[in-house]
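Tertiary structure, described
Listed here are the chains, written in short residue letters.
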Amino acid sequence: MMQVNLQLLARCYLSNSQPYSAYYILKGSKTPQSRYLFAFSCFKLDLLGEAESALLSTEESVEQVPGGAAGHYLLGLIYRYAGRKISSIQQFRMALSCDPLCWEAYAELCSLGAAEDASMVFGNVAAQRLQKTNVSQRINFSEGETRDHLIDSDKVSKDTSVWQTEHVSGENQQDLKAKQLGAEIPPDSDKQCNGSSHINGWDLKTPSPVLTQVLDAPPPMLYKNMRRPEVEGLMSVHGESRRKFMSEEESLEAPEESGRRRSARIAARRKIPLFHSYGKDSHVLHHSPSESNGVPSLSSMIGKCRIQSSKEATTSGQSIGDTGSSVDDEQNSNPRGSSPDPFSLMSGVSEVLNLLKILGNGHRHLLMYNCQEALLIYQKLSEKQYNTHWVLMQVGKAYVELQDYFNADSVFTLAHQKSPYALEGMDTYSTVLYHLKEEMRLGYLAQELIAVDRLSPESWCASGNYYSLRKDHEAALKMFRRAIQLNDRFTYAHTLCGHELAALEDFEEAERCYRKALSIDTRHYNAWYGLGMTYLHQEKFEFAQHQFQLALQINPRSSVIMCYFGIALHESKRNDEALKMMEKAIVADARNPLSKYFKANILADLGDYHRALEVLEELRDSAPHESSVHALLGKIYKEVKLYDKAVLNFGTALDLNPSPSDTVKIKAFMERLAVPNELETEEDL
């Protein structure tokens, strides 16, 4: 009983973002449930060594991690943030083998670049495993119903005469619930037993002992200026006291409702999981002790999903809403707690697996930066599923990687309108508005997000992007550091800090921020790109080339990285390789003006002015408001002695409000022209 209370208190602390409190009350606990919660508390406190020791505290094998699939998933996260990538991948795959519906494990494999095709992960093998689990759970369900039916009939025969004779005055309904709470806790609930129905030391037939009664208990009565009646015999479990508690409670209910409520309570007791969600890490805590083998109750899983599948994602032509039944539907259709229809249950499982195939393949292609393929896969979803917040976030991120910021803006705007309270992906949305230079909208978004949740790092990243757009790099840096304080594992905030420090020319601190981001996620190519830009500004061209090459290995379709990689090659006098890289960047994204501009710049440095002019004139037609393009045109016209065109392009560049440094350079070129004297010399000749 003490361990159960500690676990309940620890879950309350974790739900209230107080992992340090849960850490201290669970330290030294030996039961599997407590070890799992203690490991999760250590993970939240970044005590990765203690978390691993808690999950593997004995000489058990790795397959006997407490919590089943959830335990393997948590251990995978621990290994990932400890830099043990291979072990992390192994644990995530074990979590999927225990529970094929463990989506978060597959998402982590995608982020590590080690995910298999979703049709294999959520295919026939997963369906067969879930079917076997369904059969075993139905057998346990039937045996439990038979035992409970015998207990009910025996208790009714014994307690018929007790209803009206054993009412104790002075006890209210809350006291009766408290007595029943203590009475129905099995004395050996924390013992580990051996047998075919026991996995990892937890009894698969034993329901969670306390949660049902807690959920059924009425709100506490108020006691103002008076002494609360004492409760005696709170932990009595045998004899007349147990019958007395039950009879007093049932006397408060209508006789015709007592049977229905007990059957509903029994059914609910078998479906309520032990571990509940804790904010953003809710995917970690979702298994009960009876699910320690890694597979949750299928009927409750289908009931919780409530997702409508599209015709493309189905094989039976029915929606999940029709085949998957919730817990409430099962109780209404089967008032005595009979087992669900196996055909409808497996049909619902098939619908869920088919849906996960589409979502999984789209997510995998997106994190492999095959963005066009990801967009095509997400289009297979029905309109209702496509317009969910999560899918719209994925589509918006795909457009961002394609540098199609206008389409990304429309998608993110739709997602934010549908779910204004959801903050996931809003940091990327603010980056889109930053690139579009939508200062007013970005400021409004930042204020709105902070009003929704001041403790979310996404909110402060949006504020930082707003100040960065206004060239207030000091204020932006404060916002990004505030985001890091709220979540030290928020990779993007570290990268944005590095960008601001690089803008302030504090390259040493910028490099430290980029390194920190890479220690969290080695596949965060933006940090590798930031390191390359830092070395490029410091004229460490060999180091810059190495960083850009690593970034391209992760995202081989980024034309921006190719452009700056080509610049680093050009500065190292590797001009042929630089031109090839620029051509590759143009092929990757013909709409990107950087690749054409840098190609013309390299050609001009090599003295091939005619080819450079061809590239720049084509670029001027597609980007007429870029001052740098006109400035480079003026420089090349000066070299080929077309001074009138040079003056015209220099003047146009100044009219387009270039940066202060570019303005100084353009005026210097114009002063060296001495156009009138040279024109007179040409006329005399």
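Residues numbered from 1 in each chain as written. Predicted model: local features only at pLDDT ≥ 70, side-chain atom pairs only at ≥ 80, totals over all residues. Heavy atoms only, no water.

Looking at an unreviewed UniProt entry, the protein chain carries the name Cdc23 domain-containing protein, with the source organism given as Brassica cretica.

Glancing now at the pattern of salt bridges. Using the criterion set out here, one finds 16 salt bridges in the structure. Residues Glu-108 and Arg-80 are paired through a salt bridge, measuring 2.3 Å at the closest nitrogen-oxygen approach. Here Glu-108, found in helix α7 (residues 103-111), pairs with Arg-80, found in helix α5 (residues 69-81); they are 28 residues apart in sequence, far enough to count as distant. Arg-80 matches Glu-108 in its accessibility class, with the two residues each being buried. Between Glu-508 and Arg-512 there is a salt bridge, and its shortest N-O distance comes to 3.9 Å. Here the residue Glu-508 and the residue Arg-512 both occupy positions in helix α27 (residues 507-520), the gap between them amounting to four residues, near one helical turn. Look at Glu-508 and you get exposed, because its relative accessible area is 57%. If you follow the salt bridges from partner to partner, you end up with Arg-80, Glu-108 and Asp-521 in one network. (Salt bridge = Lys/Arg side-chain N within 4 Å of Asp/Glu carboxyl O. Helix = DSSP H or I, 4+ residues; strand = E, 2+ residues; numbered from the N terminus. Buried < 20%, exposed > 50% of the residue type's maximum accessible area, 1.4 Å probe, protein only.)

Let's shift gears to the UniProt feature "repeat: TPR" (unreviewed entry) in the protein chain. Look at the UniProt record and you will see "repeat: TPR" (unreviewed entry) annotated at residues 457-490, 491-524, 525-558 and 627-660. Note that residues 457-490 is 79% helix and 0% strand, and that its end C-alpha atoms are spaced 7 Å apart. From the first C-alpha to the last, residues 525-558 spans 10 Å; its make-up is 79% helix and 0% strand. (UniProt positions renumbered as here; feature names shortened; annotations may be inferred.)

For the rest of this paragraph, the subject is the packing of aromatic side chains. In this structure the tally under the stated criterion is 18 aromatic pairs. On the numbers, 5.5 Å between centres and 20° between planes, the contact of Phe-412 with Tyr-429 is stacked. Of this pair, Phe-412 sits in helix α21 (residues 405-418) while Tyr-429 sits in helix α22 (residues 426-435); the two residues are 17 residues apart in sequence, bridging distant segments of the chain. The class for Phe-412 is buried, based on a relative accessible area of 0%. (Phe/Tyr/Trp six-rings, centres within 6.5 Å; stacked < 30°, edge-to-face > 60°.)

Further remarks concern the confidence of the model for the protein chain. For the protein chain, mean pLDDT is 75; residues scoring 70 or higher make up 66% of the total. A low-confidence stretch, residues 266-337 stays under pLDDT 50, and its non-local contacts, those more than four residues away or across chains, total 185 contacts. (pLDDT = per-residue confidence, 0-100. Contact = heavy atoms within 4.5 Å.)

Let us now look at the nonpolar core. Counting 87 residues, the largest nonpolar core has Leu-55, Leu-74, Ile-78, Tyr-106 and Phe-122 as the members making the most contacts within it. When residues in this core are grouped by element, the largest group, nine residues, is from helix α17 (residues 342-367). Apart from the residues within four sequence positions on either side, Tyr-106 is in contact with Leu-96, Ala-115, Glu-116, Asp-117, Ala-118, Val-121, Phe-122, Gly-360 and Arg-364. If you look at the next biggest cluster of nonpolar residues, it comprises 74 residues, including Phe-507, Tyr-525, Leu-579 and Tyr-643. (Core = buried A, V, L, I, M, F, W, Y, C linked by side-chain atoms within 4.5 Å.)

Moving on to unusual backbone geometry. Although it is not a glycine, Ser-17 adopts a positive phi angle of roughly 60°. Note on placement: Ser-17 falls in the loop between α1 (2-15) and α2 (19-26). With relative accessibility at 58%, the residue Ser-17 sits in the exposed group. Despite not being glycine, Lys-641 has its phi angle at roughly 65°, a positive value. In this structure, Lys-641 sits in the loop between α34 (627-639) and α35 (643-655).

Here helix α24 (residues 457-469) spans 18 Å end to end across 13 residues, near enough to the 18 Å set by a 1.5 Å rise per residue. Counting buried residues in α24 gives 12 out of 13 residues, a clear majority hidden from the surface. Every buried residue of α24 is accounted for by Pro-457, Glu-458, Ser-459, Trp-460, Cys-461, Ala-462, Ser-463, Gly-464, Asn-465, Tyr-466, Ser-468 and Leu-469. Where α24 is buried, its residues contact α22, α23 (439-452), α25 (473-486) and α26 (491-503). (Expected span 1.5 Å × (residues − 1).)

Counting through the fold element by element, Ser-111 comes out in helix α7. Not counting residues within four places of it along the chain, the set of residues in contact with Ser-111 comprises Arg-80, Leu-367, Asp-521 and Arg-523.

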